[in-house]
Amino acid sequence: MSGGSARSLGKGSAPPGPVPEGLIRVYSMRFCPFAKRTLLVLKAKGIGHEVININLKNKPEWFFKKNPFGLVPVLENSQGQVIYESAITCEYLDEAYPGKKLLPDDPYEKACQKMVFELFSKVPPLLLSFLRRQNKEDCSGVKEELHKEFSKLEEVLTNKKTTFFGGSSLSMIDYLIWPWFEWLIALELNECVDHTPNLKLWMEAMMKDPAVSSLFIDPKAFRGFLDLYLQNNLEACDYGL
Amino acid sequence: MTDDATRTLGKGSAPPGPVPEGLIRLYSMRFCPFAHRTRLVLRAKGIRHEVININLRNKPEWYFTKHPFGQIPVLENSKGQLIYESVIACEYLDDAYPGRKLYPYDSYERARQKMLLELFCKILGYQNTIFFGGDCISMIDYLFWPWFERLDVYGIADCVNHTPALRLWIAAMKQDPTVCALLIDKNIFLGFLNLYFQNNPDAFDYGLSC
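Worth saying up front: this structure is predicted, and the values here are computed from it rather than measured.

**Q** Could you clarify how one ought to interpret the nonpolar core in this entry?
**A** For soluble globular proteins, the rule of thumb is that nonpolar side chains tend to be buried together. All names here are of chain A. With 83 residues, the main nonpolar core has Phe-150, Phe-165, Phe-181 and Trp-202 as its most contacted residues. Here this core takes twelve residues from helix H7 (residues 172-186), the largest share from any one element. Residue-level mapping places this core at the junction of two domains, with at least three residues from each of domain 1 (24-101 + 234-238) and domain 2 (107-208). Ignoring any residue separated from it by four or fewer positions in sequence, one finds Phe-150 in contact with Val-123, Phe-181, Leu-184, Cys-192, Val-193, Thr-196 and Leu-199.

**Q** Explain a nonpolar patch on the surface to me, please; I cannot follow it from the model alone.
**A** Together, Met-139, Ile-140 and Leu-143 of chain B make up an exposed nonpolar region whose accessible area comes to about 290 Å². Assignment of secondary structure puts Met-139 of chain B in helix H4 (residues 139-154).

**Q** What should I look at first to understand the pattern of salt bridges in this one?
**A** When the charged atoms of two side chains with opposite charge come close together, those side chains can pair. Residue and element names in this part refer to chain A. With the rule as written, the count across this model stands at 23 salt bridges over all chains. One salt bridge in this structure joins Glu-76 and Arg-25, with 3.7 Å as the shortest N-O distance. A residue pair is termed long-range when its members are at least 10 positions apart, and Glu-76 in strand S3 (residues 74-77) and Arg-25 in strand S1 (residues 24-28) qualify at 51 residues. There is no split in this pair, since Glu-76 and Arg-25 are both buried.

**Q** How should I be thinking about the pairing of strand S2 (residues 49-53) of chain B in this particular structure?
**A** The side chains of a regular strand alternate, first on one face of the sheet and then on the other. Residue and element names in this part refer to chain B. Across the five residues that make up S2, a large majority, four, are buried. Bridge analysis of strand S1 (residues 24-28) against S2 gives five bridges, and the strand direction is parallel. Along S2, the bridge assignment pairs Tyr-27 with Ile-52. With helix H1 (residues 33-44) bridging S1 and the parallel S2, this β-α-β connection has right-handed handedness.

**Q** Help me out: how do you make sense of the pairing of S3 of chain A in this one?
**A** All names here are of chain A. Alternating residues of S3 divide into Val-74 and Glu-76 and Leu-75 and Asn-77, and every residue in both groups is buried. Sheet analysis places S1 next to S3, joined by four bridges and oriented antiparallel. Note that in S3 the partner of Arg-25 across the bridge is Glu-76. Where S3 and strand S4 (residues 82-84) come together, three bridges link them in antiparallel fashion.

**Q** Before we go on, may I ask you to explain the packing of aromatic side chains in this structure?
**A** Any pair of aromatic rings gets described here by the distance separating the centres and the angle formed by the planes. All names here are of chain A. Counted by the stated rule, this structure contains 25 aromatic pairs over all chains. Ring centres of Phe-165 and Trp-202 lie 5.2 Å apart, and the angle between their planes is 80°; on these two criteria the pair is classed as edge-to-face. Separated by 37 residues along the polypeptide, Phe-165 in the loop between helix H6 (140-160) and H7 and Trp-202 in helix H8 (residues 197-207) bring together distant segments of the chain. Among the aromatic residues, ring-to-ring pairing joins Phe-34, Phe-120, Phe-150, Phe-165, Trp-178, Trp-180, Phe-181 and Trp-202 into one connected group.

**Q** Teacher, can you tell me more about the sheet that holds strand S2 (residues 49-53) of chain A here?
**A** Sheets are built from strands that pair by backbone hydrogen bonding, the pairs being arranged parallel or antiparallel. Residues and elements named next belong to chain A. The four strands are arranged S2-S1-S3-S4 in an open sheet whose pairing can be described as mixed. The open sheet terminates on both sides in strands that have one partner only, identified here as S2 and S4. Strand-to-strand twist of the sheet, defined as the mean angle between neighbouring strand axes without regard to direction, takes the value 20°. Sitting on the sheet, helix H1 (residues 33-44) is in contact with S1, S2 and S3, with an inclination near 150° to S1.

**Q** What am I meant to see in the environment of Glu-91 of chain B here?
**A** On the secondary structure map, Glu-91 of chain B appears in helix H2 (residues 86-96). Separated by eleven residues in sequence, Glu-91 of chain B and Leu-102 of chain B have C-alpha atoms that sit 8.8 Å apart. The residues touching Glu-91 of chain B, leaving out its near neighbours within four places in the chain, are Glu-91, Lys-110 and Lys-114 of chain A together with Tyr-103, Arg-110 and Lys-114 of chain B.

**Q** Can you walk me through the domain arrangement of chain A in this structure?
**A** When the parts of a complex come together, some accessible area is lost, and that lost area is often taken as the interface size. Residue and element names in this part refer to chain A. The domain boundaries assigned to chain A delineate domain 1 (24-101 + 234-238) and domain 2 (107-208). Between domain 1 and domain 2, the contact holds 13 residues from the first and 14 residues from the second. When domain 1 packs against domain 2, close to 1100 Å² is buried across both sides, 68% of that on carbon and sulfur atoms. Linking domain 1 to domain 2 there are two salt bridges. The partner of Glu-182 in a salt bridge is Lys-36, with the nearest N and O atoms 2.7 Å apart. Summed over the shared surface of domain 1 and domain 2, the result is three residue pairs in polar contact (both at pLDDT 80 or more). Elements represented by at least two residues in the side of domain 1 that touches domain 2 include exactly H1 and helix H3 (86-96).

**Q** Explain the UniProt feature "domain: GST N-terminal" (unreviewed entry) in chain B to me, please; I cannot follow it from the model alone.
**A** Taking the numbering used here, the UniProt-annotated feature "domain: GST N-terminal" (unreviewed entry) corresponds to residues 22-101 of chain B. Span residues 22-101 of chain B is 29% helix and 20% strand, its end C-alpha atoms 20 Å apart.

**Q** Help me understand the interface of chain A and chain B, please; the structure alone is not making it clear to me.
**A** Across the boundary between the two partners, chain A contributes 19 residues, which contact 20 residues of chain B. When the area that chain A buries against chain B is broken down by residue, the three leading residues are Phe-69, Tyr-108 and Met-115 of chain A, summing to 27%. Taken together, chain A and chain B are joined by five salt bridges. Glu-91 of chain A is the partner of Lys-114 of chain B in a salt bridge, and the nearest nitrogen-oxygen pair spans 3.2 Å. At the boundary of chain A with chain B, the tally comes to five residue pairs in polar contact (both at pLDDT 80 or more).

**Q** Any chance you could explain the packing of H7 of chain A against H8 of chain A here in plain terms?
**A** When two helices pack together, their arrangement is captured by the angle between the axes and the distance separating the axes. Residues and elements named next belong to chain A. Packing of H7 against H8 brings their axes to within 11 Å, and their N-to-C directions diverge by 100°. Considering the angle they form, H7 stands roughly perpendicular to H8. Along its contact with H7, which presents Asp-174, Tyr-175, Ile-177, Trp-178, Phe-181 and Ile-185, the element H8 presents Leu-199, Trp-202, Met-203, Met-206 and Met-207. Residues belonging to the contact of H7 with H8 are distributed by class as follows: ten nonpolar, no polar and one charged.

About the thresholds
- Residues numbered from 1 in each chain as written.
- Chains lettered and ligands numbered in written order.
- Predicted model: local features only at pLDDT ≥ 70, side-chain atom pairs only at ≥ 80, totals over all residues.
- Heavy atoms only, no water.
- Core = buried A, V, L, I, M, F, W, Y, C linked by side-chain atoms within 4.5 Å.
- Buried < 20%, exposed > 50% of the residue type's maximum accessible area, 1.4 Å probe, protein only.
- Helix = DSSP H or I, 4+ residues; strand = E, 2+ residues; numbered from the N terminus.
- Domains from an automatic or database assignment.
- Contact = heavy atoms within 4.5 Å.
- Patch = residues over 30% accessible without salt bridge, like charges linked within 9 Å, V, L, I, M, F, W, Y side chains within 5 Å.
- Areas by Shrake-Rupley, 256 points an atom, 1.4 Å probe, with all protein chains shown as cover.
- Salt bridge = Lys/Arg side-chain N within 4 Å of Asp/Glu carboxyl O.
- Pairing = 2+ DSSP bridges.
- Right-handed = clockwise from strand over helix to strand, strands pointing away.
- Phe/Tyr/Trp six-rings, centres within 6.5 Å; stacked < 30°, edge-to-face > 60°.
- Axes fitted to C-alpha atoms, helices over the stretch in contact; angles between N-to-C directions.
- Buried area = accessible area lost by both parts, 1.4 Å probe.
- Polar contact = N/O pair within 3.5 Å; in protein donor to acceptor, adjacent residues only side chain to side chain.
- UniProt positions renumbered as here; feature names shortened; annotations may be inferred.
- Parallel < 35°, antiparallel > 145°, perpendicular 65-115°, else oblique.
- Nonpolar A, V, L, I, M, F, W, Y, C, P; charged D, E, K, R; others polar.

In structure tokens, the structure reads:
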């Protein structure tokens, strides 16, 4: 897992060279849940890749040439083509590379996965605001909203009567939403899914997936990172290295 | 007359029956830009369809069985499968129906189109104040305006559950003295376009009295 655990590049760093033939490069950050989506798909599909971590609190000037928004993840291939926006990178990898397809071929089933993705979309900002408040104000309002969003996901699993969001086996939608649930585990907030039993079972099933378990976030490192990140500390992204 | 020129269904209306085999149904509203996307794709691909317009201020009770929040557009096929969110509906149509593919075949080109769409959505989302630059009109508003003025000639209007901020912005822009002074007359603009697309060299002088 070279590169995945490398120090991040920050302001003043030299821009990396072109991507070697046969590899695809992902600009990432070890604790970014959006970049985690792309890493999960790369691993699940066995795609040869290299990782360059970016210091998101001190971004290199050259990085804005890769993505004008300056966000990770970004894919760059040996043709110099650049793809950003996490969901778009994941879909690109599924289409461009052979092997197991993570998105279904059936147009309706594919549309269903995208509708579940929309259903999930309120969770990332909610979870982030929940974490920002943890030590300060009362976060019961945010917690209630989180419960509401989780109930929507619970309803999907209940209606489908399958373990995973796309059916009886793990597929794209599961990987796309997983990183935030990984946060719940790392921060010992499992009680958030106490009232959503199918979601709880789904989490347990996800933990058994080889891609998920090999990339599972280290809880101690994550907590250390989060502390520093919320204080805007420039060293946050390299915590634990 | 377009195929969606029918009265809306509102509260108290009878739910429509199942979708006939060989057709796909679109729940829509004639002035909604999001539903417009789906109507464009249906037409571009020559997909046989029927349109049911929904009264968005007085939604039928049965409509919430089609969409949990009663939004449009929604596609319903003869198997009773429902697809919503305009972009998802458009992609579904491109995938499910034969003929001309609207998304490119090349994976990178597909990704590029999706990245462009994200950019567009960010423009719509960048507003958290009346004007794009803050509480007063500024450069960015003038730089965007010409395109929106032209779109406004065709009528963005009404169904703006998703873009109330944009509607407010258009209204606010029209109150700016500079924008007002240079506002294109709708009929003159349409007259110009008409001649322009016929490659008529007189297009550019359309509407001038001398």
